[in-house]
Amino acid sequence: MTDLDARTLRDAYDTQIRPEIPDPLPAGVTVDRDGPLVRILGLDHRGFITYRTLDGLAGAELDALIARQVEFFRARGEGAEWKLNGHDEPADLGDRLRAAGFVPEDLETVVVGPVAALAAAVPTPPEGVRLREVTSREDLERIAAMEQAVWNEDRSHLVTGLAKEIEADPQSITIVVAEAGDTVVSAGWVRYLSGTGFATLWGGSTLPEWRRKGIYRALVAYRARLAEQRGKTLVQVDCSPDSRPILERLGLVAVTTTTPYVYTP
């Protein structure tokens, strides 16, 4: 696909990526459904609520659906994330989630574009930094420690979740670290979505003293080349305000926004 029309790319995102269900399912991960919703349990430190469309639900029926999710996760004593996209309907869905006890976290922009544009960039990190593909638990723990230093919060759930994905299918995900000596200064991973033309990019957190040196761009280009080698033609990223300009310069197009609405029992 070469058409960079935002609506066309958003339609591809909706039909090929959503709902975001791991394939194959890692050990211990379960999926169940409540109407149009898909609940993913056991992958991360909290449950995940996803869907492609709410099938026109609104008003009292929608409130009842949301209330069932609150009761479901309250009974489990477990938090949950409802991923709300900016073009989801009805327009007052965010208000209804807040009224039910869900709290919005930081808004991100969903960007989509051709893999080829990103893969054509030369993945050259700055002098003294190397990129390396990793799978070991020790390296996953080093990534979590780096993320904890960046965000000042516990990121140990990354170790468990990524390890489960690698164990389920090591060909479905590649994790890449950027290292300066023995220090992980940044890391990102790429998921190759089965049965679609998409790869999705995740991570990209970088230690403050190593930012603005081209490391994030190098990680993006490296993972795009991996996706291209596997025959993927489109890439999608949920990006922060910091990374959005970089990705747009590389040819990706903003198609919608995404906000995690989090329920904590």
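You'll find the chain entered in an unreviewed UniProt entry as Acetyltransferase (GNAT) domain-containing protein, with Micromonospora chaiyaphumensis given as the organism.

**Considering the domain arrangement of the chain**
Splitting the chain by domain gives domain 1 (14-109) and domain 2 (112-257). Inter-centroid distance (C-alpha atoms) of domain 1 to domain 2 is 25 Å. Between domain 1 and domain 2, the contact holds 21 residues from the first and 22 residues from the second. Approximately 1,800 Å² of surface area, both sides summed, lies buried where domain 1 meets domain 2, with 55% of it carried by carbon and sulfur atoms. If you sort the residues of domain 1 by the area they bury against domain 2, Gln16, Ile17 and Thr109 come out on top, with a joint share of 35%. With a closest N to O distance of 2.8 Å, Asp238 and Lys83 form a salt bridge.

**Describing the packing of aromatic side chains**
With the rule as written, the count across this model stands at 4 aromatic pairs. Where Trp82 meets Phe102, the ring centres are 6.1 Å apart and the plane angle is 75 degrees; that geometry is what we call edge-to-face. Separated by 20 residues along the polypeptide, Trp82 in strand β4 (residues 80-85) and Phe102 in the loop between α3 (93-99) and β5 (103-104) bring together distant segments of the chain. For the pair formed by Trp82 and Phe102, the shared burial category is buried.

**Some points on helix α7 (residues 215-229)**
Under the 1.5 Å per step criterion, the end-to-end length of α7 is 21 Å for 15 residues, consistent within 8% with the ideal 21 Å. Taken as a whole, α7 has its buried residues at Ile215, Tyr216, Ala218, Leu219, Val220, Ala221, Arg223, Ala224, Leu226 and Ala227. Positive phi appears at Gly231, one or two residues downstream of α7, with a value of about 85 degrees.

**Comments concerning the pattern of salt bridges**
In the structure shown here, the tally under the stated rule is 25 salt bridges. Between Arg39 and Asp32 there is a salt bridge whose closest N-O contact spans 3.0 Å. The class for Asp32 is partly exposed, based on a relative accessible area of 24%. Of the charged contacts in the structure, one is a salt bridge between Arg142 and Glu179, with a shortest N-O distance of 2.9 Å. Residue Arg142 is located in helix α5 (residues 137-151), and its partner Glu179 is located in strand β8 (residues 173-180); the two are separated by 37 residues in the primary sequence. Given a relative accessible area of 21%, Arg142 falls into the partly exposed group. Members of the salt-bridge network, linked through shared partners, are Arg130, Arg132, Asp139, Arg142 and Glu179.

Calculation notes
- Residues numbered from 1 in each chain as written.
- Predicted model: local features only at pLDDT ≥ 70, side-chain atom pairs only at ≥ 80, totals over all residues.
- Heavy atoms only, no water.
- Domains from an automatic or database assignment.
- Contact = heavy atoms within 4.5 Å.
- Buried area = accessible area lost by both parts, 1.4 Å probe.
- Salt bridge = Lys/Arg side-chain N within 4 Å of Asp/Glu carboxyl O.
- Phe/Tyr/Trp six-rings, centres within 6.5 Å; stacked < 30°, edge-to-face > 60°.
- Helix = DSSP H or I, 4+ residues; strand = E, 2+ residues; numbered from the N terminus.
- Buried < 20%, exposed > 50% of the residue type's maximum accessible area, 1.4 Å probe, protein only.
- Expected span 1.5 Å × (residues − 1).

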